[in-house]
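# A closer look at the structure
Here is what each chain is made of, one letter per residue.
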Amino acid sequence: MHQYELMVILDPEIDERTVAPSLDKFLNVIRNDGGTVDKVDIWGRRRLAYEIKKKSEGIYAVVDFTAEPATTKELDRQLNLSEAVMRTKVLRAEEAIAQVAAVAKAQEERAAKKAAAAAKAPAKKDA
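Residues numbered from 1 in each chain as written. Predicted model: local features only at pLDDT ≥ 70, side-chain atom pairs only at ≥ 80, totals over all residues. Heavy atoms only, no water.

### Here we look at the environment of Thr-88
Tracing the backbone through its elements, the reader meets Thr-88 in strand β4 (residues 85-92). On a C-alpha basis, the gap between Thr-88 and Val-62 in space is 9.8 Å, while along the polypeptide they are 26 residues apart. Polar side-chain contacts of Thr-88 include one of 2.8 Å to the side chain of Asp-76. (Helix = DSSP H or I, 4+ residues; strand = E, 2+ residues; numbered from the N terminus. Polar contact = N/O pair within 3.5 Å; in protein donor to acceptor, adjacent residues only side chain to side chain.)

This is the structure in structure tokens:
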């Protein structure tokens, strides 16, 4: 079993009160295969960075869950079949944490190089 994070963008024309029940219907795939749904966070209606299906808004939801890879694939397949779902993205939590750590490390290295270059510059002026 692995930790996953699922982001779903739903059609803004659906009623916001029906978002949680419709997501729950899809999340039963995880529960039926022995996985667990750890957290469901519905962000609500947000503006999209670019239009999807001629719509400029979407209802965002983020779900943290634990499941087998095959279960995750089936969940993603069922979400893509639904007309109310505009986009989905499933990430393994370990991969997401590793990506954030790699970006932070690269930023630290750049900052260290800048600091070293700044420290060298005044030393040359003094000489």
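### Brief notes about the environment of Lys-54
With respect to the helices and strands, Lys-54 occurs in the loop between β2 (36-52) and β3 (55-67). Note: C-alpha distance between Lys-54 and Lys-114 (60 residues apart in sequence) is 44 Å.

### A word on the sheet that holds β2
The strands making up a sheet are joined through hydrogen bonds of the backbone, oriented either antiparallel or parallel. If you trace the four strands from one edge of the open sheet to the other, you get β2-β3-β1-β4, paired in antiparallel fashion. With one partner strand each, in any of the chains shown, β2 and β4 form the two edges of the open sheet. On average, each strand axis in the sheet is inclined to that of its neighbour by 20°, with strand direction left out of account. Note that strand β1 (residues 2-10) and β4 share seven bridges and pair antiparallel. Within β4, the position partnered with Leu-6 by the bridge is Val-90. Of the strands in this sheet, β1, β2, β3 and β4 touch helix α1 (residues 19-32), which is tilted by about 125° from β2. (Pairing = 2+ DSSP bridges. Axes fitted to C-alpha atoms, helices over the stretch in contact; angles between N-to-C directions. Contact = heavy atoms within 4.5 Å.)

### Observations regarding the environment of Asn-32
Assignment of secondary structure puts Asn-32 in helix α1. Along the backbone, Asn-32 and Thr-71 are 39 residues apart, and their C-alpha atoms lie at a distance of 9.3 Å.

### Focus on the side chain of Thr-71
Here Thr-71 is to be found in helix α2 (residues 69-81). Under the relative-accessibility criterion, Thr-71 is labelled buried at 5%. Once you skip the residues sitting within four places of it in the chain, Thr-71 turns out to touch Val-29, Ile-30 and Asp-33. (Buried < 20%, exposed > 50% of the residue type's maximum accessible area, 1.4 Å probe, protein only.)

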